[in-house]
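The chain contents come next:
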Amino acid sequence: STIGVIFDLDGVIVDTAKYHFLAWKNLANDLHIEFTEAHNELLKGVSRVRSLEILLNIGNVTLTDESKQNALISKNEDYLEYIRKMNADEILPGVNGLLNELDSQGIRYVLGSASKNAPLILKQVGLLERFEGIVDGNSVSKAKPDPEVFLIGAKRLNLKPENCIVFEDAIAGIEAANKANMISVGIGDKDTLSEADFNFNNLTEMPYDFFARLTQQ
Ligand code: B16
Ligand code: MG
């Protein structure tokens, strides 16, 4: 096929934001920072290091570099406790159908996530082998909204950026896709993701001829 797809992980394939929230909340409690679900929205699609900075900002707390490193380790250990309990039931609605559709149309796809835990999460839900490539937080030096993660994804697919379609749930991710000159599809609230080229509340809402229309354009 002349087009390819790059999938974000958290918020598109699975909802790991709820586990990130629980783990950040735990850390926030230790630091006596009030941390709400609304605050958690600010961390979506954002790297781990940047997330900690935002959390510390919310609580007006400053830490030494060493304490920051320890906080990041303890948050991730906490988070991994939840991830290790995940299974295929946690794949979001419409994902399996869409991957089957892409396979049958010969449209290739890779993952483009900020998470350093992406391979483990995909393994837990049984999707690791389905992706042709995984570009995650371990392979990039610049986090979203920098387009790096998606540009590496395009290279893995051997496609020009303008022939790549990115599925994203976070503002920073849509921004990254647009900067990369790709076709951006926002999954979630249309008003929040108003910069996306296309919007769907979730993957079950995509029309069956979405890809056919794109290649005809
Ligand atoms: P980790 P995505 C992102 O995943 C999450 O949305 C964001 O909340 C998280 O901080 C980031 O991954 C890093 O995750 O701590 O596992 O390396 O949406 O880019 O798939
Ligand atoms: Mg996401």
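Just so you know, these numbers come straight off a predicted model, no measurement behind them.

I'd like a description of the overall build of the protein chain, backed by residues and values.
What the protein chain contains, in helices and strands, is nine helices and six strands. Taken along its principal axes, the extent of the C-alpha atoms in the protein chain is 55 × 35 × 30 Å. The buried share of the protein chain, taken over its 217 residues, is 36%.

I'd like to hear about the site of ligand 1, residue by residue, with values.
Near ligand 1, the surroundings consist of 20 residues, among which L9, D10, S113, A114 and S115 are the closest. Here the residues of the shell around ligand 1 are counted per class, giving five nonpolar, ten polar and five charged.

An account of the environment of N60 is requested, with residue identities and associated values reported.
With respect to the helices and strands, the residue N60 is situated in the loop between helix 3 (48-59) and helix 4 (65-83). For the pair formed by N60 and I33, sequence separation is 27 residues and the distance between their alpha carbons is 8.3 Å.

Kindly report on helix 3, identifying the contributing residues and their values.
The end-to-end C-alpha distance of helix 3 is 17 Å, a good match for the 16 Å that twelve residues give at a rise of 1.5 Å each. Along helix 3, the residues that are buried comprise S51, L52 and L55. Down the axis of helix 3, the buried side of the element spans an arc of 100 degrees, and every buried residue falls inside it. Exposed side chains of helix 3 directed beyond 90 degrees from the buried face belong to V49, E53 and N57. Downstream of helix 3 by one or two residues, N60 has phi in the positive range, about 55 degrees.

With reference to specific residues and values, describe the pairing of strand 5 (residues 183-187).
Within strand 5, five of the five residues are buried, which leaves the element mostly enclosed by the surrounding structure. Here strand 5 shows a buried face lined by I183, V185 and I187 and a second buried face lined by S184 and G186. Pairing analysis gives four bridges linking strand 4 (residues 164-168) to strand 5, with the strands arranged parallel. Opposite F167, over in strand 5, you have V185 as the bridge partner. Crossover strand 4 to strand 5 through helix 8 (residues 171-179) is right-handed. Both strand 5 and strand 6 (residues 198-200) contribute to a ladder of three bridges, which runs parallel. Across the sheet, residue I187 finds its bridge partner in strand 6, namely F200.

Let's hear about the sheet that holds strand 1 (residues 4-7): which residues, and what values?
Here six strands make up an open sheet; going across it, the order is 3-2-1-4-5-6 and the pairing parallel. In the strand order of this sheet, the two ends are held by strand 3 (134-135) and strand 6, each with one partner.

Describe the confidence of the model for the protein chain, listing the residues and the values that go with them.
Per-residue confidence for the protein chain averages 96 on the pLDDT scale, and 100% of its residues sit at or above 70. This prediction of the complex comes with two scores: 0.95 for pTM and 0.94 for ipTM.

Tell me about unusual backbone geometry, and name the residues and values.
That bond from K144 to P145 is cis: its omega, 15 degrees, falls within 30 degrees of zero. Relative to the assigned elements, P145 resides in the loop between strand 3 and helix 7 (148-157). With a phi close to 55 degrees, N60 is a non-glycine residue in the positive phi region. You will see that N181, though not glycine, has its phi angle at about 70 degrees, which is positive. Assignment of secondary structure puts N181 in the loop between helix 8 and strand 5. On the basis of neighbour counts, which here come to 14 C-beta atoms within 10 Å, the residue N181 falls in the partly exposed class.

About the cut-offs
- Residues numbered from 1 in each chain as written.
- Chains lettered and ligands numbered in written order.
- Predicted model: local features only at pLDDT ≥ 70, side-chain atom pairs only at ≥ 80, totals over all residues.
- Helix = DSSP H or I, 4+ residues; strand = E, 2+ residues; numbered from the N terminus.
- Buried ≥ 20, exposed ≤ 12 C-beta atoms within 10 Å, placed from the backbone.
- Near = placed C-beta within 6 Å.
- Nonpolar A, V, L, I, M, F, W, Y, C, P; charged D, E, K, R; others polar.
- Expected span 1.5 Å × (residues − 1).
- Arc of directions from axis to C-beta.
- Pairing = 2+ DSSP bridges.
- Right-handed = clockwise from strand over helix to strand, strands pointing away.
- pLDDT = per-residue confidence, 0-100.

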